[in-house]
Every structure is written in structure tokens, then in C-alpha cells.
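Residue-level listing of the chains:
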Amino acid sequence: QVQLVESGGGLVQAGGSLRLSCAASGRTFSSYVMGWFRQAPGKEREFVAAVGSTTYTADSVKGRFTISRDNAKNTVDLQMSSLKPEDTAVYYCAAKIGDGSTWSKGSYGSWGQGTQVTVSS
């Protein structure tokens, strides 16, 4: 399985921007659909965005967050703009395994350790 390490989280004021990055090990990175999920305290882990041959973005972040990947560098980034306090969560990078739904966390078999994003009002 692929090993994933996230970076780039932190504290930002509402309306600000952050860029998260996920570095992956392994020679088959380009074959994986890569996703970002987030989990706020007391809430379920939820889908944010994913990228394979196309991109998928949750309605809650559409127009504010952009996912991208660089297969030469084995990285997948999440550019977050116009951040809101409700975006506060631990953000996880994940690699999708198999043919399940791209929107479902159950379809992802490898996860990073997570990076905290805190948006102050």
C-alpha cells in the first residue's frame, strides 16, 4: 500500500487561504484516485475532494477549494481559499483502492496521519 504524509495545516483567519500537500511513497501513485477528507470534532469524516482522471469536489467547498496532483512528484495538493470557521477540522489525504465510490471514505484503503486546519472568526 501507499504511504501518505500530509503537511501545510495551521491557523488562519476567516477569509484566508491555506495549501495542504500530501506526499506519497510508491511507484504506482499515478494509478490511484487520491482524495482529501476532513473530520471535525464530534462529526463523521467527510469527503472534500478527489482527483483521478477527473476531479470531484464536495458542494460545501466547491468554488473555494481546488485539488491537484503532480504524478512526477507523487504529491496531491488541496488549495483552500475563502476559508470559513466551519472548515475547521483535521484534514486527511487518502488513496482509493478498488472500484468503490470516489465519494465514500470506505473506498479508501490508505490514509495519512492528518493535519489540523483551524479557521478563526
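Numbering of residues starts from 1 in every chain and runs along the sequence as written. Only residues with pLDDT of at least 70 are given local features in this predicted model, and only at 80 or more are side-chain atom pairs given and counted; all residues enter the totals for whole chains, interfaces and linings. Side-chain numbers here rest on the full set of heavy atoms in the structure, without hydrogens or water.

Asks: Sorry, what's going on with the nonpolar core here?
Replies: One recurring pattern in soluble globular proteins: nonpolar side chains tend to sit buried together. Counting 34 residues, the largest nonpolar core has Met34, Trp36, Val76, Leu78, Met80 and Tyr91 as its most contacted members. When near neighbours in sequence (up to four residues on either side) are disregarded, Tyr91 contacts Glu6, Leu20, Trp36, Phe37, Arg38, Val48, Phe65, Leu78, Met80, Gly114, Thr115 and Val117. Nonpolar core, defined: a set of buried Ala, Val, Leu, Ile, Met, Phe, Trp, Tyr and Cys residues in which side-chain atoms within 4.5 Å join the residues together. Partly exposed describes any residue whose relative accessible area lies between the buried limit of under 20% and the exposed limit of over 50%, with all areas from a 1.4 Å probe on protein chains only and scaled to the type maximum. Note on contacts: a residue pair qualifies if any of its non-hydrogen atoms lie within 4.5 Å across the two residues.

Asks: I'm lost on the packing of aromatic side chains in this one. Help?
Replies: Within 6.5 Å between ring centres, the rings of Phe, Tyr and Trp (the latter by its six-membered ring) count as paired, and their orientation is classed by plane angle as stacked under 30 degrees, edge-to-face over 60, tilted in between. Taken as a whole and assessed by the stated rule, the structure comprises 7 aromatic pairs. Both rings, one in Phe37 and one in Phe47, keep their centres 5.6 Å apart while their planes meet at 85°; by these two values the pair is edge-to-face. Taken as a pair, Phe37 in strand S4 (residues 34–39) and Phe47 in strand S5 (residues 46–51) lie far apart in primary sequence, 10 residues in all. The exposure class of Phe47 is buried, given its relative accessible area of 9%. An aromatic cluster is present here, built from Phe37, Phe47, Tyr56, Tyr92, Trp103, Tyr108 and Trp111 joined pairwise through their rings. Think of it as a cone above the ring: NZ of Lys or CZ of Arg counts as a charge over the ring if it is within 6 Å of the ring centre and within 35 degrees of the ring normal. It is Arg45 that lies over the ring of Tyr92; its NZ or CZ is 3.7 Å from the centre. Directly above the ring of Trp111 sits Arg45, whose terminal nitrogen or CZ lies 4.8 Å from the centroid. Each helix corresponds to a stretch of at least 4 residues labelled H or I by DSSP, and each strand to a stretch of at least 2 residues labelled E; elements are numbered beginning at the N terminus.

Asks: Got a minute to help me understand unusual backbone geometry in this structure?
Replies: The phi torsion at Asn74 lies on the positive side, around 55°, for a residue other than glycine. Take Asn74: it is sitting in the loop between strand S7 (65–70) and strand S8 (75–80). The backbone phi angle of Ser82 is positive, close to 50°, even though this residue is not glycine. Topologically, Ser82 is positioned in the loop between S8 and strand S9 (89–96).

Asks: Where do I start with the sheet that holds strand S1 (residues 4–7) in this structure?
Replies: Sheet strands pair by backbone hydrogen bonding; their relative direction is either parallel or antiparallel. Overall, antiparallel pairing links the 4 strands, which are arranged S1-S3-S8-S7 in an open sheet. At either margin of the open sheet sits one strand with a lone partner, and together these are S1 and S7. Taken pair by pair, the neighbouring strands of this sheet meet at an average axis angle of 15°, ignoring direction. The pairing criterion is simple: DSSP has to find at least two bridges between the two strands. Here S7 runs beside S8; their pairing, made up of 6 bridges, is antiparallel. In this analysis, axes come from line fits to C-alpha atoms, helices being fitted only over the stretch in contact, and the angle between any two N-to-C directions falls in the range 0 to 180 degrees.

Asks: How should the pairing of S8 be read in this particular structure?
Replies: In the case of a regular strand, side chains alternate between the two sheet surfaces. Counting buried residues in S8 gives 5 out of 6 residues, a clear majority hidden from the surface. The antiparallel hairpin formed by S7 and S8 contains 4 residues in its connecting segment, where Asn74 sits at a positive phi of about 55°.

Asks: Which parts of the structure should I look at to understand the environment of Gly15?
Replies: Here Gly15 is to be found in the loop between strand S2 (10–13) and strand S3 (18–24). Here Gly15 falls in the exposed class, since its relative accessible area comes to 54%. Placed 32 residues apart in sequence, Gly15 and Phe47 show a C-alpha to C-alpha distance of 21 Å. With sequence-adjacent residues up to four places away left out, Gly15 is seen in contact with Ser82 and Leu83.

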